Amino acid sequence: MSNLQEYNKNFCPMPISDLLDGKHHFLIPSFQRGFRWEEKQVTDLLEDIKQFAYDENVKSNSYFLQPIIVKPRKYNGIDTYEVLDGQQRLTTMLLILKEILGGYMNPNNTKKYSPLLYDITYTNRPRLNFYDLNAANNIDSYYLREAYDVIKNWCDQNNEYIDSMIPCLFYSAEAAKNRQVKIIWYAIEEDSDDLKSINIFNRLNKGKISLTSSELIKALFIMDYDHRAEGDSLPAEQLSMEWNEMERKFQDDNFWYFISNDQNDTQTRIDILFDFVTRRGINTDSDYSYREFQKLYDFCRARERNSNHQQQLSGWLTSKNIDTMEKAWKIVRRTFDRLVAWYEDSLYYHYVGYLIAVGFTPLEIFKYLETEKEERKDRERKLGKNYEWTVEDTKISLRKLMMQKFKKGSKFLEKADIDAFEYKSEYVSRVLLLFNVECCHKGQNIRFPFDKYKKQNWDVEHIDSQNEATLEKYEDRIRWLQNVKFILRVENTKRSIELANECQILINEFEEKKQVKKEKYNEFYIRINKFYSEEKTNEKESEVDLTTQKKDYLSNLTLLDSATNREYQDAPFAYKRYCIVQYDKKGERFIPLCTRNVFLKYFTDSNEKSSYLDFMRWNSSDREGYIKAIHEAVDPIFDSVVMK
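I will try to describe carefully the structure that is included in this document. (Residues numbered from 1 in each chain as written. Predicted model: local features only at pLDDT ≥ 70, side-chain atom pairs only at ≥ 80, totals over all residues. Heavy atoms only, no water.)

**Structural notes on the packing of helix α20 (residues 494–513) against helix α21 (residues 518–531)**
No. 1: Here α20 crosses α21 at 160°, and the two axes come no closer than 12 Å. Accordingly, the angle class assigned to the pair α20 and α21 is roughly antiparallel. For the pair α20 and α21, the crossing hand works out as left-handed. Of α21, the residues touching α20 (which contributes R495, S496, L499, E502, C503, L506, E509 and F510) are K520, Y521, F524, R527, I528 and F531.
No. 2: Of the residues contributing to the contact of α20 with α21, the split by class is eight nonpolar, one polar and five charged. (Axes fitted to C-alpha atoms, helices over the stretch in contact; angles between N-to-C directions. Helix = DSSP H or I, 4+ residues; strand = E, 2+ residues; numbered from the N terminus. Parallel < 35°, antiparallel > 145°, perpendicular 65-115°, else oblique. Left-handed = near helix turned anticlockwise from the far one by under 90°. Contact = heavy atoms within 4.5 Å. Nonpolar A, V, L, I, M, F, W, Y, C, P; charged D, E, K, R; others polar.)

Structural data, given as structure tokens:
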């Protein structure tokens, strides 16, 4: 597309006059319906341009049409722009330009600009002639002819205003004394895939395209500032600088994954800020926030045009007494500053981050805290007291909100229930994450890395291997045998070497036959499990009763990323510990703080008689120390609610 002018991907104000260079060719793809604007829409556009061009009280140097979204592509060997949104505006403007050129400009200018007009081609009607519109030909020609007649009649009735409109449409900014009609130009990346264009068009017309929501809002703010600036570009430039500052913050993964679970397109992250500001509900479509700002923008412009303007605002706008775009921007900035303050404060960072990780939205958390504050103040007011909300109140309220995820029906779980959480329980992953977050919060210089946590898939993993073998595939079973053989040789006791040798014999047999004999594999799995479950000195494997160890309970469960879990699934504690230590030394993978500490046995009470072999086993004292540590961290949170 070397012949096409390059424009910024983000919304770029572009004068209509910039389209008059003979190089802009627009294509309306076949999957779009044709032109359908009716008399009111065409007349409204003409009236707005007239007022902008003629009224000396209009302070802005720019009148903006809504955005035009295009995609560069080749059509019949010509460089064109495929129009994905804005067809109606672009087409109506072409008809207006043609009428003014044909009947209201001097011959020299008519001769100069006629060949420079942009053109529009409909792929489903390539022979459609904008200079000879016959309403009887087809439905597109009918609507185009109707619009042209509206434009012609309007120009006849408003002849005295046309001379003022001409410079705003045809002349450069300098020649037009800086007053121009503009579009907001948005060119997406060139792509030969027609299906992609269809999907973008469909999402645009269903209000579902997240790529443009925040950018549209930005365009509204820039248009408003430009409208009120009286030629001063500084306010709009300041807004752009502040916008860029906020957008960079949302691009920071550390900040983003604290405030969101979304791993989709990074270009739309700032949308969450406007959803927060407008109090957008979970069940509303993704274009909701843009429409709310559009309502405010339209309200401001209508009020300027009519001193008796009676239109009313509602919702978040009235609740904050917002009736100008300037006030709205202050609310946006204040909301952004609040999110940053949450991020920088350890209490908010860990508690809000946890709440978002388990399914709450920032808006839900904010509303909950506001409600808690108001209810507390009302209670104190009835007692004749003035009450100031404290950090402790915030902590208690956030803990109560956490407990909404620890309920059976309408009843809160109690801290005594924690010990009985089992492997497949929905509460296990929540309490393990809470354990990690709370331990980081209590640490002086430790922040739980929500970005690393949310970029990976996580499993609830057994600390020591399960009582029964679960692996089914040949490759997985061979891998398990290799891992077990390795760690048995690391232990290097007489019994471990004997078992390692048996393990090698099984590997040789299974690899020779390309098949694992299930009975032999399961029998050896039980023997290894019992070997690593021996707790007493000289205890024999035959004396170990695996059924009493309750390995599916929380005291034997931890959080582990799916990749690591797959690598050593079903392995005994000793091998898992070896791998975790190696990963931790090299910094190759994110190991949650408490998972790391479990395998390093930080939660086990120290004992002078502990030996190297004690670190190769996960026994009853380890489980007791671990569950005790969990209780110390999460019990205060469970105590935050009154049991009923």
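**Concerning a positive patch on the surface**
No. 1: A surface patch of like charges, here positive, comprises R279, K320, K330, R334 and K367.
No. 2: Following the sequence through the fold, R334 ends up in helix α13 (residues 325–344). (Patch = residues over 30% accessible without salt bridge, like charges linked within 9 Å, V, L, I, M, F, W, Y side chains within 5 Å. Areas by Shrake-Rupley, 256 points an atom, 1.4 Å probe, with all protein chains shown as cover. Salt bridge = Lys/Arg side-chain N within 4 Å of Asp/Glu carboxyl O. Lys, Arg positive; Asp, Glu negative; His and termini not counted. Charge placed at Lys NZ, Arg CZ, Asp CG, Glu CD.)

**Here we look at the environment of L593**
No. 1: Tracing the chain through its elements places L593 in helix α24 (residues 593–599).
No. 2: With 34 residues separating them in the primary sequence, L593 and L559 have C-alpha atoms 9.9 Å apart.
No. 3: Sequence-distant contacts of L593, that is, excluding residues within four places in its chain, are made with N436, C439 and C440.

**Considerations on the state of the cysteines**
No. 1: The final tally for this structure, using the stated rule, is zero disulfides.
No. 2: C439 carries a free sulfur, and the closest cysteine sulfur to it, the one in C594, is 3.7 Å from it. (Disulfide = S-S within 2.5 Å.)

**Looking at the environment of S465**
No. 1: Along the chain, S465 turns up in the loop between β10 (458–462) and α19 (474–491).
No. 2: The spatial distance from the C-alpha of S465 to the C-alpha of K576 is 9.2 Å, given a sequence separation of 111 residues.
No. 3: With residues up to four places along the chain from it excluded, the contact list for S465 reads Y525, N529, K551, D570, A571, P572 and K576.
No. 4: For S465, the side chain forms a polar contact with the side chain of N529, separated by 3.2 Å. (Polar contact = N/O pair within 3.5 Å; in protein donor to acceptor, adjacent residues only side chain to side chain.)

**Re the packing of helix α11 (residues 288–305) against α13**
No. 1: Close contact between α11 and α13 brings their axes to 10 Å; oriented N to C, the two are set at 150°. With respect to α13, the axis of α11 lies roughly antiparallel. Facing F293, L296, Y297 and C300 of α11, the residues of α13 in contact are M325, A328 and V332.

**Some points on the packing of aromatic side chains**
No. 1: One pass over the full model with this rule turns up 46 aromatic pairs.
No. 2: Taken together, a centroid distance of 5.4 Å and an interplanar angle of 70° make the contact between F250 and F255 edge-to-face. With respect to class, F250 is no different from F255; both count as buried.
No. 3: Ring centres of F486 and Y575 lie 6.2 Å apart, and the angle between their planes is 90°; on these two criteria the pair is classed as edge-to-face. You can see F486 sitting in helix α19 and its partner Y575 sitting in helix α23 (residues 573–586), a full 89 residues away along the chain.
No. 4: What makes Y575 buried here is its relative accessible area of 12%.
No. 5: Connected via pairs of aromatic rings, a cluster forms that spans F250, F255, W256, F258, F336, Y343, Y349, F448, F450, Y453, W458 and F590.
No. 6: For K407, the ring lying beneath its charged end belongs to F412, and the centroid distance is 4.7 Å.
No. 7: Just above the ring of F531 sits the side chain of R617; from NZ or CZ to the centre is 4.7 Å. (Phe/Tyr/Trp six-rings, centres within 6.5 Å; stacked < 30°, edge-to-face > 60°. Buried < 20%, exposed > 50% of the residue type's maximum accessible area, 1.4 Å probe, protein only. Lys NZ or Arg CZ within 6 Å of the ring centre and 35° of its normal.)

**Looking at the nonpolar core**
No. 1: Formed by 134 residues in total, the largest nonpolar core has its most connected members in F293, W342 and I365.
No. 2: Tallying contributions element by element places α13 first for this core, with 10 residues.
No. 3: Each residue touching W342, except ones within four places of it in the same chain, is listed here: F258, I259, F276, Y348, Y349, V352, P362, I365 and F366.
No. 4: Among the nonpolar cores identified, the runner-up in size contains 54 residues, and L97, L101, C155 and W185 belong to it. (Core = buried A, V, L, I, M, F, W, Y, C linked by side-chain atoms within 4.5 Å.)

**Side note on the environment of K327**
No. 1: Mapped onto the elements of the fold, K327 is located in helix α13.
No. 2: Between the C-alpha atoms of K327 and L317, which are 10 residues apart in sequence, the distance is 9.8 Å.
No. 3: For K327, the contacting residues outside a window of four places in its chain are N321 and I322.

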